[in-house]
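# Structural features, examined
One letter stands for each residue in the lines below.
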Amino acid sequence: MASSPDATASNGSTPETPESGSAAGGQDRRGRVRLRRAAVMAIPATAVAAGLMIATAQGALGVQFAISGMPFTVTATELNGTGFEQFGGLDNMAEDSPNAGDTGGQVLIVTSAIKNATLDHLCQSVDLGGTNLLITAGSGSDKVQATDLTTDSTELSGNASFNNIEIGNDASTLTKAGVQGPKGVFSQQADTVRIANLRQTNYATTAGVFKLPGLKLRFSDQGC
Amino acid sequence: MSAGARTDDSRDLRDAFRRWRANRPFWGGLLLTLGGAEILLTEKASLKVVLHIGMQGLAGYLLPTTMLLCGLLILFNPAQRLFYSLLGILLSLGTWVTSNLGGFFVGLLLGAVGSCLAFGWLPDQKPRRRLLRREHA
């Protein structure tokens, strides 16, 4: 393979093919996509992609979410979890974010971390202005399962009950969910948590692995 | 590409770009790069939060970043396009699991199509017939 060192767009020094650029010689020979060659990769790739989606929809494969930026709503009829932590914090928006408004780009949030969580009738919606991106899962007999679930919420409501709760710890000394907050910040933790009719407004959610049986992703006029 | 096509300078630039494009799987590399970028844009969790999670959270950023690099390498080092496109397709499919369902499917699709185009690209092909006719006219 006669490849020249990396060419850049500005100076236009390209790896010359034998006949390229000969103005008098008629046509220069260009590189081109050969359909059959592309199909060699495209067909197995399509099969694998279809397999991934089916596996996800059936809940056999965990999917990792790491979205945020805009506030979004998460609801569930019931949340059961083991290893629960909660502490306050501050999230920073991107420089000159259009969502900043008069907040100076900072949002006061409550970080909740749950080591292992099971959610029934999970619903997540993001307001995109005019329409909502709606994700529902776990409506059937299989429930949504999540590990290392961390949510930065501005609002959280529901009927909660805790086992072995410790309130007033320093956020840097938390142990139940394996996440530590900043030093000198109020926090609480519990062995188990159960929240019915959960409703959260989240500013940033990061989760470990989500298992989403009965996944449905669609646009909708109404949020959760 | 600069749009002003009146001076000889910009004509030369256009020609140079055309020749540059003809010698590499341009659309393949571009689509793969865009796919990686799109997936990265859908991830806005602060790095602090990602570090809380550890390896699993990091993979969500690692895969699209490598996708983006593969796309750029296909453009600027087309001799190795087979390896980059194979890596690109595996990463694109992997982002379904690690990164917001492949950037809500859009980035996955861009990356997969780009990788396939780059894989199917061959240098030094005969000109298309359409091109031939135009040159003879």
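Note that this is a predicted model, so its numbers are computed, not measured.

The next subject is the overall build of chain B. Broken down by element type, chain B carries eight helices and one strand. Secondary structure elements of chain B occur, N-terminal to C-terminal, as α-α-α-α-α-α-α-β-α. A sequence separation of at least 24 residues applies to 72% of the contacts in chain B between residues at least 6 apart. Of the roughly 7100 Å² of accessible surface on chain B, 65% is carried by carbon and sulfur atoms.

Helix and strand counts for chain A stand at one helix and 11 strands. Listing each helix as α and each strand as β along chain A from the N terminus yields β-α-β-β-β-β-β-β-β-β-β-β. Residues classed as buried in chain A amount to 42% of the 224 residues present. Restricting to contacts in chain A with at least 6 residues of sequence separation, those with at least 24 account for 77%. By element, 53% of the accessible surface of chain A is carried by carbon and sulfur atoms, the whole surface being about 11500 Å².

On to the side chain of S112 of chain A, then. All names here are of chain A. Summarising the element assignment, S112 is placed in strand β4 (residues 106-120). Since its relative accessible area comes to 5%, S112 is described here as buried. Only 3.0 Å separates the side chain of S112 from the side chain of Q86, close enough to count as a polar contact. Setting aside residues up to four positions removed in sequence, S112 forms contacts with F84, E85, Q86, L149, T150, T151 and L156.

All names here are of chain A. Counted under the stated rule, the structure contains one disulfide over all chains. One disulfide in the model links C123 with C224; its S-S distance is 1.9 Å. Taking the sign of the S-S torsion, about -85° here, the bridge from C123 to C224 comes out left-handed. With C123 in strand β5 (residues 122-127) and C224 in the segment after β11 (216-220), the pair connects residues that are 101 residues apart, well separated along the chain.

Think of an α-helix as 3.6 residues a turn; residues three or four steps apart then line up on the same face. For helix α2 (residues 26-42) of chain B, which comprises 17 residues, the first-to-last C-alpha distance of 25 Å matches the rise-based estimate of 24 Å (1.5 Å per residue) to within 8%. Taken residue by residue, α2 of chain B has F26, G28, G29, L31, L32, T33, G35, G36, I39 and T42 of chain B as its buried positions.

Turning next to the nonpolar core. Counting 35 residues, the largest nonpolar core has L79, L119, L122, V144, F210 and L212 of chain A together with I89 of chain B as its most contacted members. With five residues, the top contributor of residues to this core is strand β3 (residues 68-92) of chain A. Residues L63, M67, I74 and Y84 of chain B belong to the second largest nonpolar core, which totals 10 residues.

So, about the pattern of salt bridges. All names here are of chain A. Evaluated as defined, the whole model comprises four salt bridges over all chains. Where R194 meets E78, a salt bridge forms, and the shortest distance between an N and an O atom there is 3.1 Å. Within this pair, whereas R194 is found in strand β9 (residues 186-206), its partner E78 is found in strand β3, the two being separated by 116 residues in sequence. What makes R194 partly exposed here is its relative accessible area of 36%. Notably, a salt bridge pairs K176 with D191, separated by 2.8 Å at the nearest N-O pair. Here the residue K176 occupies a position in the loop between β8 (166-170) and β9, and D191 occupies one in strand β9, the gap between them amounting to 15 residues. The exposure class of D191 is partly exposed, given its relative accessible area of 29%.

Side chains of D8, D9, D12 and D15 of chain B sit close together on the surface and give a patch of like negative charge. For D12 of chain B, a relative accessible area of 51% corresponds to the exposed category.

To continue, consider the UniProt feature "transmembrane region" (unreviewed entry) in chain B. All names here are of chain B. Following the UniProt record, the feature "transmembrane region" (unreviewed entry) maps to residues 24-41, 53-75, 82-98 and 104-123 here. Within residues 24-41, the helical portion is 89% and the strand portion 0%, while the C-alpha atoms at the span's ends are 27 Å from each other. Taken end to end, residues 104-123 is 80% helix and 15% strand, and its two terminal C-alpha atoms sit 33 Å from one another.

Moving on to a nonpolar patch on the surface. There is a patch of nonpolar side chains on the surface, built from F162, I165, I167 and F186 of chain A and spanning about 380 Å² of accessible area. Along the polypeptide, F186 of chain A turns up in strand β9.

Turning our attention to the packing of helix α1 (residues 35-57) of chain A against helix α5 (residues 81-98) of chain B. Closest axis-to-axis distance for the α1 of chain A/α5 of chain B pair is 10 Å, and the angle between their directions is 15°. Judged by the angle between their axes, α1 of chain A and α5 of chain B are roughly parallel. α5 of chain B is crossed by α1 of chain A, and the crossing has right-handed handedness. Listed contacts from α5 of chain B to R37, M41, A45, V48, A49, L52, M53 and T56 of chain A of α1 of chain A are L82, S85, L86, I89, L93, W96 and V97 of chain B.

On to the confidence of the model for chain B. Considering every residue of chain B, the mean pLDDT works out to 82; 77% of them sit at 70 or more. Within chain B, the lowest mean pLDDT, 56, falls on helix α3 (residues 47-53) of chain B, and the highest, 93, falls on helix α7 (residues 106-120) of chain B.

So, how was this worked out
- Residues numbered from 1 in each chain as written.
- Chains lettered and ligands numbered in written order.
- Predicted model: local features only at pLDDT ≥ 70, side-chain atom pairs only at ≥ 80, totals over all residues.
- Heavy atoms only, no water.
- Helix = DSSP H or I, 4+ residues; strand = E, 2+ residues; numbered from the N terminus.
- Contact = heavy atoms within 4.5 Å.
- Areas by Shrake-Rupley, 256 points an atom, 1.4 Å probe, with all protein chains shown as cover.
- Buried < 20%, exposed > 50% of the residue type's maximum accessible area, 1.4 Å probe, protein only.
- Polar contact = N/O pair within 3.5 Å; in protein donor to acceptor, adjacent residues only side chain to side chain.
- Disulfide = S-S within 2.5 Å.
- Expected span 1.5 Å × (residues − 1).
- Core = buried A, V, L, I, M, F, W, Y, C linked by side-chain atoms within 4.5 Å.
- Salt bridge = Lys/Arg side-chain N within 4 Å of Asp/Glu carboxyl O.
- Patch = residues over 30% accessible without salt bridge, like charges linked within 9 Å, V, L, I, M, F, W, Y side chains within 5 Å.
- Lys, Arg positive; Asp, Glu negative; His and termini not counted.
- Charge placed at Lys NZ, Arg CZ, Asp CG, Glu CD.
- UniProt positions renumbered as here; feature names shortened; annotations may be inferred.
- Axes fitted to C-alpha atoms, helices over the stretch in contact; angles between N-to-C directions.
- Parallel < 35°, antiparallel > 145°, perpendicular 65-115°, else oblique.
- Left-handed = near helix turned anticlockwise from the far one by under 90°.
- pLDDT = per-residue confidence, 0-100.

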